[in-house]
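This is what each chain is made of:
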Amino acid sequence: MTIYQNLIAGEWVGSDATKNINPSNTNEVVGLYADGSTEDTKNAIAAAKAAFPAWSRSGIWERHVILKKAGDEIMARKDELGALLAREEGKTLPEAIGETIRASQIFEFFAGEALRLAGEVVPSVRPNIGVEITRDPLGVIGIITPWNFPIAIPAWKIAPALCYGNTVVFKPAELVPGCSWAIVDILHRAGLPKGVLNLVMGKGSVVGQAMLDSPDVTGITFTGSTGTGRRVAAASIEHNRKFQLEMGGKNPMVVLDDADLTVAVEAAANSGFFSTGQRCTASSRLIVTEGIHDKFVAALTEKLNMLVVDDAMKPGTHIGPVVDEKQLKTDTDYIEIGRKEGAKLAFGGELITRETPGFYLQPTLFTEATNQMRISREEIFGPVVSVIRVKDYDEALATANDTPFGLSAGIATTSLKHATHFKRNSEAGMVMVNLPTAGVDFHVPFGGRKASSYGPREQGKYAAEFYTSVKTAYTLA
Ligand code: NDP
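## Remarks on the packing of helix H3 (residues 78–89) against helix H6 (residues 177–189)
Line of reasoning, step 1. Running from N to C, H3 and H6 cross one another at 150°; their axes reach a closest spacing of 8 Å. Looking at the two axes, H3 sits roughly antiparallel to H6. Of the residues in H6, those touching H3 at Leu-81, Leu-84, Leu-85 and Glu-88 are Pro-177, Gly-178, Cys-179, Ala-182 and Ile-186.
Line of reasoning, step 2. Here the contact of H3 with H6 is composed, by residue class, of seven nonpolar, one polar and one charged.

## Some details on the site of the ligand
Line of reasoning, step 1. Every one of the 29 residues lining the ligand counts as a neighbour, but Thr-145, Ser-225, Met-247, Cys-280 and Glu-379 are closest to it.
Line of reasoning, step 2. Here an oxygen atom of the ligand and a backbone polar atom of Gly-204 are 3.2 Å apart.
Line of reasoning, step 3. Within the side chain of Gln-209, one N or O atom sits 3.1 Å away from a nitrogen atom of the ligand.
Line of reasoning, step 4. In isolation the ligand has 910 Å² of accessible area, and contact with the protein removes 87% of it.
Line of reasoning, step 5. Elements that contribute at least two residues to the shell around the ligand include exactly helix H7 (204–213), strand S11 (219–223) and helix H8 (226–238).
Line of reasoning, step 6. Of all the elements, H7 adds the most residues to the shell around the ligand, at four residues.
Line of reasoning, step 7. Across the shell around the ligand, the residue classes tally to 13 nonpolar, eleven polar and five charged.
Line of reasoning, step 8. Viewed by domain, the shell around the ligand spans two of them, domain 1 (3–247 + 452–476) and domain 2 (251–433), each represented by three or more residues.

## Things to note about unusual backbone geometry
Line of reasoning, step 1. Despite not being glycine, Ala-9 shows a phi value in the positive range, around 55°.
Line of reasoning, step 2. Of note, Ala-9 is situated in the loop between strand S2 (6–8) and strand S3 (11–13).
Line of reasoning, step 3. If you check the backbone angles, Thr-276 has positive phi at about 55° while not being a glycine.
Line of reasoning, step 4. Turning to its location among the elements, Thr-276 is positioned in the loop between helix H9 (261–273) and strand S14 (283–289).

## Details of the environment of Ala-400
Line of reasoning, step 1. Checked against the element boundaries, Ala-400 lands in helix H13 (residues 393–401).
Line of reasoning, step 2. Since its relative accessible area comes to 4%, Ala-400 is described here as buried.
Line of reasoning, step 3. Between the C-alpha atoms of Ala-400 and Val-254, which are 146 residues apart in sequence, the distance is 7.3 Å.
Line of reasoning, step 4. Non-local contacts of Ala-400, meaning those with residues more than four positions away in its chain, are made with Pro-252, Val-254, Arg-285, Ile-287 and Phe-422.

Parameters and conventions
- Residues numbered from 1 in each chain as written.
- Predicted model: local features only at pLDDT ≥ 70, side-chain atom pairs only at ≥ 80, totals over all residues.
- Heavy atoms only, no water.
- Axes fitted to C-alpha atoms, helices over the stretch in contact; angles between N-to-C directions.
- Helix = DSSP H or I, 4+ residues; strand = E, 2+ residues; numbered from the N terminus.
- Parallel < 35°, antiparallel > 145°, perpendicular 65-115°, else oblique.
- Contact = heavy atoms within 4.5 Å.
- Nonpolar A, V, L, I, M, F, W, Y, C, P; charged D, E, K, R; others polar.
- Near = heavy atom within 4 Å.
- Polar contact = N/O pair within 3.5 Å; in protein donor to acceptor, adjacent residues only side chain to side chain.
- Areas by Shrake-Rupley, 256 points an atom, 1.4 Å probe, with all protein chains shown as cover.
- Domains from an automatic or database assignment.
- Buried < 20%, exposed > 50% of the residue type's maximum accessible area, 1.4 Å probe, protein only.

This is how it looks when you write it as structure tokens:
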């Protein structure tokens, strides 16, 4: 079997490899991917450092052309790359193709941003002096990504990093190297100079740690768990380095008595269970007012009954497998915790067998949960959702905000007053009205508050806040 190698200083290198396993069928090896070492990472960082001066001064047209070419190739290969994604991560084929299209759109967007780079010229408060405000690239950006969006998250970090003139060392999650390898290959062939983009696949504790330990990495953008994010933060402060963290969530969806029941159920089913609940923006807490509670639970349970859990590649599958055995154990452990805490298991909770050996779990719904239970406070990151009954809107809002996290929040209501109040008072970075808490646009800011995020927002033109450093220059006329 071919070994998909690391890209360091423009060369494909590495012979040690790890198997990429399909969670829908654990007998299937998706591919063999290089297992990078500390030495590989140091070489990649050195290559990125050496490539920085020339790339930071490269013309915006060159950056535009390369990013556009990459976006076009990803779009042209959306079905093939989507299938690779579905096989390595386990989200359904339509979801995986949708994510691939999004990655292409992100490259298109930043290809455009490269042509829109601009500064400001403003008058000084002193006579005969001009002031210019410009943005400089940071230098070498370390990119560390999680397993749940194997093509979109790498795209939304690599595209702006390159667009603004930085060089990159990229470490994808060890569980899903396939799509990362593919987009690095695409960018390499699109004409990036040697060393501008380096890929080091391998373990977080080895490759990721070597990036954190290097004084030559001038910025780190990280998406993953809150625990690892804190390590990234501590190491970055040590090196006086800029860092950006996107981490976990325990996102609430409020359902009010006046909600359109169909809209509320669709939004809850989508945000709680699609992509196997493995989205940072998934809503795992459904906060439902008394008047609609029983009707809502009955309709949602009926909907869950109709959802097909099966191989991600099979037509008709609504929910693919859990990503791996470790995550499956976390999910089933939390189901046990929920039972012991006194929540009522209203649906699911059991493992399922299918034609092929895979990590299949029923969508699981707890009712009679309280917001103080561990299943309501800690991120599970699987298809496990709790319903919390509340008296009225005020209690719903207070419960929604009573969480250590603050990524996204939703409300299902037909009341303009409550929708408006919720948008203003939700302590989340992204707020959805009558929509799932997951599912966002690629051209506007993405990110959260509290333990969910740290640093500037990702995506859209706001991405410049992280990937550049502002310079103010004064000139005597
Ligand atoms: P992890 O924190 O386990 O891993 C994230 C990345 O960090 C992986 O590439 C991992 O490598 C790497 N890593 C692990 N240890 C270290 C280390 N010591 N030094 C440097 N890097 C390290 O998260 P998961 O991959 O399990 O992803 C799930 C989490 O991601 C959830 O909490 C989810 O909420 C969050 N997430 C947040 C999003 C957001 O935008 N807020 C979006 C998507 C996910 P390896 O896996 O190879 O060990």
